[in-house]
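As a plain string of letters, each chain reads:
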Amino acid sequence: MSLLQVSGLKTHFPFGSRWFGERSWVRAVDGVDLGLDRGEVLGLVGESGSGKTTLGRSVLRLVEPTDGSVMLDGVDVLKLGRRRLRPLRQRMQIVFQDPYASLSPRLQIRRIIAEPMRLYRLANKHDESAKVEELLESVGLEPYFMQRYPHEMSGGQRQRIAIARALSCEPDLLVADEPVSALDVSVQAQVLGILLRLQRERGIGLLFISHDLSVVERVADRVAVMYLGRIMEEAPVGDLIHGALHPYTQALLSAVPDPDPEYRRERIRLRGELPSPSEPLRGCPFASRCPEAQQVCLDLTPKLEEKKPGQAVACHLR
Amino acid sequence: MALLRVEELATYFFLDEGELRAVDDVTFEVNEGETVALVGESGCGKTIVAMSILDLVPWPGQIVRGKILFRHEDLRRVTREKLRQSRGGEIGMVFQEPGAALNPVYPIGRQMSEVLQLHRGMSRHEADREAVRVLGGVGIPEPEKRVNAYPFELSGGMRQRAVIAIATCTRPRLLIADEPTTALDVTVQAEILDLMRHLQAQYNMATLLITHDLGVVAEMAQRMLVMYTGKLFELGRTQDLFDDPKHPYTQGLLHSVPRLGAGRDDPLTGIPGAVPDLLQLPGGCTFHPRCKLSDEECVDEFPSMRTLPYGRVCACYKVKDR
């Protein structure tokens, strides 16, 4: 049984007035299925507004999904009440994008890392310090950082603290939402390295959310590509990067600038931009920009189906 | 002959905590029609170089030394009036955040015709008509309608197109673009880069492209300069720097960026440590605490520029002159 099984997940946000005019819905996540095993890294890519962050948060119930199910080891996270959800929260943690916003400026690092352990009674007064020290060491920081405050640290160091905090309650599932996007390029590699080493050592299932396909290629075992709240393609990382089937994935790959001045990718040009997720959807969400769209794409919404072993695509033309 | 020559530029910020050397002794040229990329991580001073060229350095920053020669005239010595004509006229500017660059309370067409009236001496009526033409030229659909749109009515990509249209409607000789695609998605970024290339060819316009994205550099620039802690570390042809980076920082930077399709065989090593605080810079070469080649030689004084073949320069003790 997989660690995480998401089925038919929908998260819609209301907007507009409840009393005046029309009330509309932003369909941030609109029917997503995915699975994640222990020790596996699933990369979730998409452009801004594709719903990848909302999906990550819905899985952890940091936002309330509208419909669907999220099974963690066979238990539906969405059906639990507050009290029964709490012990489960220990097993699912998150690292946010911006380490300047995700750490309380008023707490010492020691307290930031120890708080989840206190909450779940994973440490007592005597061994708390030792455990914090151990976590600091595992993210490559010296013990003296315990007495520091976040503002005394660089972005890369803060993000390591955020990782240590997430791991302090020994989670099975970790959602990392653009964990290196806010960091300087030269320190991104360090932080990615630490995150992946710990993920492997501890056999954590990692949902790695990123807009950057080149980063995802380095970290993920499988990749899911999101567009307008839906998964357009999902495949093992090599198959996706070298043999993408969905026209959107192909366009996305072709748009990545290559750091080799002599090499030019053949670029697939897309028309227009991401449509508003509040428009009612008919047909394929990508049809308005797809270079290959046909009549059927405007009429019917394609389902995510396995077209090659391990490679699922939501497209009528593939 | 160089269109723009920046000579020994130094821009410092005089803060209560001390003197912050945001740009320190930077020299480079941009030739007619050429794209030069200015590369570095956040805080390396690349944006302050651009602001210094345009005399837009915010208080308490000040240009303390150096020359900014644009068409042989030192922009630091010309009259305010002449500077005003150059800025937005012969030198166009595009900034990172298109939302912040546009005035939210005027339609975009109005913002463009203001520039056209000021720099190309058009009447209001002519300028309004020209604005429609220019907006169409940067790929904004239905330009006759969109001239009346307010910035908030446009998407990020469309806004950046409008900003580029405003910056280039005066047919500048030089475009300074500061992270023009950083706020955009890759598919939109690709379109904006195409547009910039197209306009450059059309107007034979030179570009100083400021970016931290080496992929964008490889795609756009003929030459590049690498900055770190306000200092110029390496300068040369883009191809040469990518093929054979001489400075250990340039090498480290190139090994920090994953290349799509390379798989996991190509290790991402990054650079140990973190970018130092500009108020507490290490002595000697500012990179020495993070550098794998550093020794006693590197700790006392910042290395002078070594000159290498093909107009390449590099500030590192471990790189020998030709």
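Please read all numbers here as calculations on a predicted model, not as lab measurements. (Residues numbered from 1 in each chain as written. Chains lettered and ligands numbered in written order. Predicted model: local features only at pLDDT ≥ 70, side-chain atom pairs only at ≥ 80, totals over all residues.)

Enquirer: Explain helix α1 (residues 46-53) of chain B to me, and be specific about the residues and the numbers.
Expert: Residues and elements named next belong to chain B. By the criterion of burial, α1 is predominantly enclosed, with 8 of the 8 residues buried. Among the residues making up α1, those that are buried are Lys46, Thr47, Ile48, Val49, Ala50, Met51, Ser52 and Ile53. After α1 finishes, the residue aspartate 55 shows a positive phi value of roughly 55°. (Buried ≥ 20, exposed ≤ 12 C-beta atoms within 10 Å, placed from the backbone. Helix = DSSP H or I, 4+ residues; strand = E, 2+ residues; numbered from the N terminus.)

Enquirer: Residues and numbers for the pairing of strand β6 (residues 92-95) of chain A, please.
Expert: Residue and element names in this part refer to chain A. Covered by surrounding structure in β6 are Met92 and Ile94 together with Gln93 and Val95, the residues of both alternating faces. Of the pairings in the sheet, the one linking β6 to strand β7 (residues 173-177) comprises 4 bridges and is parallel in character. Each residue of the ladder has a partner; that of glutamine 93, found in β7, is leucine 174. (Pairing = 2+ DSSP bridges.)

Enquirer: Before we move on, can you summarise the packing of helix α5 (residues 155-167) of chain A against helix α6 (residues 185-202) of chain A with the specific residues and values?
Expert: When two helices pack together, their arrangement is given by the angle between their axes and by how far apart the axes lie. All names here are of chain A. The N-to-C vectors of α5 and α6 enclose an angle of 10°; their axes lie 10 Å apart at closest approach. Comparing their axes, α6 and α5 come out roughly parallel. Here Gly156, Gln159, Arg160, Ile163 and Leu167 of α5 lie close against α6, whose contacting residues are Val187, Gln190, Val191, Ile194, Leu195 and Leu198. Split by residue class, the contact of α5 with α6 holds 7 nonpolar, 3 polar and 1 charged. (Axes fitted to C-alpha atoms, helices over the stretch in contact; angles between N-to-C directions. Parallel < 35°, antiparallel > 145°, perpendicular 65-115°, else oblique. Contact = placed C-beta atoms within 7 Å. Nonpolar A, V, L, I, M, F, W, Y, C, P; charged D, E, K, R; others polar.)

Enquirer: Provide a residue-level description of unusual backbone geometry, including the pertinent values.
Expert: All names here are of chain B. Along the chain, tryptophan 59 connects to proline 60 via a cis peptide bond; the corresponding omega equals 0°. The residue proline 60 is located in the loop between α1 and β4 (61-70) in this model. Within the chain, aspartate 55 stands out as a residue other than glycine whose phi angle is a positive 55°. As for its placement among the helices and strands, aspartate 55 is situated in the loop between α1 and β4. On the basis of neighbour count, aspartate 55 is assigned to the partly exposed category, with 16 C-beta atoms found within 10 Å. Even without glycine at this site, glutamate 179 takes up a positive phi of about 45°. On the secondary structure map, glutamate 179 appears in the loop between β7 (174-178) and α8 (186-203).

Enquirer: So what's going on with the environment of arginine 159 of chain B? Which residues, and what values?
Expert: All names here are of chain B. Structurally, arginine 159 is set in helix α7 (residues 156-168). Taking the C-beta count within 10 Å as the criterion, arginine 159 has 24 such neighbours and is therefore assigned buried. Separated by 60 residues in the primary sequence, arginine 159 and glycine 99 place their C-alpha atoms 6.9 Å from one another. If we skip the residues at most four places from it in the chain, arginine 159 touches Pro98, Gly99, Leu102, Pro151 and Leu154.

Enquirer: An account of the interface of chain B and chain A is needed here, citing residue identities and associated values.
Expert: Each side of the interface is counted separately: chain B has 35 residues, and chain A has 35 residues. For the side of chain B that touches chain A, the secondary structure elements donating two or more residues are α8, α9 (214-220), α10 (238-243) and α11 (248-254) of chain B. Residues of the side of chain B that touches chain A, tallied by class, amount to 15 nonpolar, 14 polar and 6 charged.

Enquirer: Lay out the sheet that holds strand β11 (residues 305-308) of chain A in plain terms, naming residues and giving numbers.
Expert: Each strand in a sheet pairs with another by means of backbone hydrogen bonds, the pair being arranged parallel or else antiparallel. Residue and element names in this part refer to chain A. Pairing is mixed in the open sheet, where 8 strands are placed in the order β6-β7-β8-β3-β9-β10-β12-β11. Bordering the open sheet on either side are β6 and β11, each of which pairs with just one other strand. With direction set aside, neighbouring strand axes in the sheet form an average angle of 25°. Of the strands in this sheet, β3 (41-45), β7, β8 (205-210) and β9 (222-227) are in contact with helix α1 (residues 52-59), which crosses β8 at around 155°. With respect to the sheet, α5 is in contact with β6 and β7, its orientation differing from that of β6 by roughly 175°.

Enquirer: I'd love a proper account of the nonpolar core, names of residues and values included.
Expert: Judged by nonpolar contacts, the single largest core of 190 residues is most densely connected at Phe208 and Val225 of chain A together with Leu38, Leu174 and Leu225 of chain B. Top contributing element to this core by residue count: α8 of chain B, with 8 residues. Among residues more than four places away in sequence, those in contact with leucine 174 of chain B are Leu3, Leu4, Val30, Glu90, Ile91, Met205, Ala206 and Leu208 of chain B. (Core = buried A, V, L, I, M, F, W, Y, C linked by C-beta atoms within 7 Å.)

These figures capture arrangement, not role.
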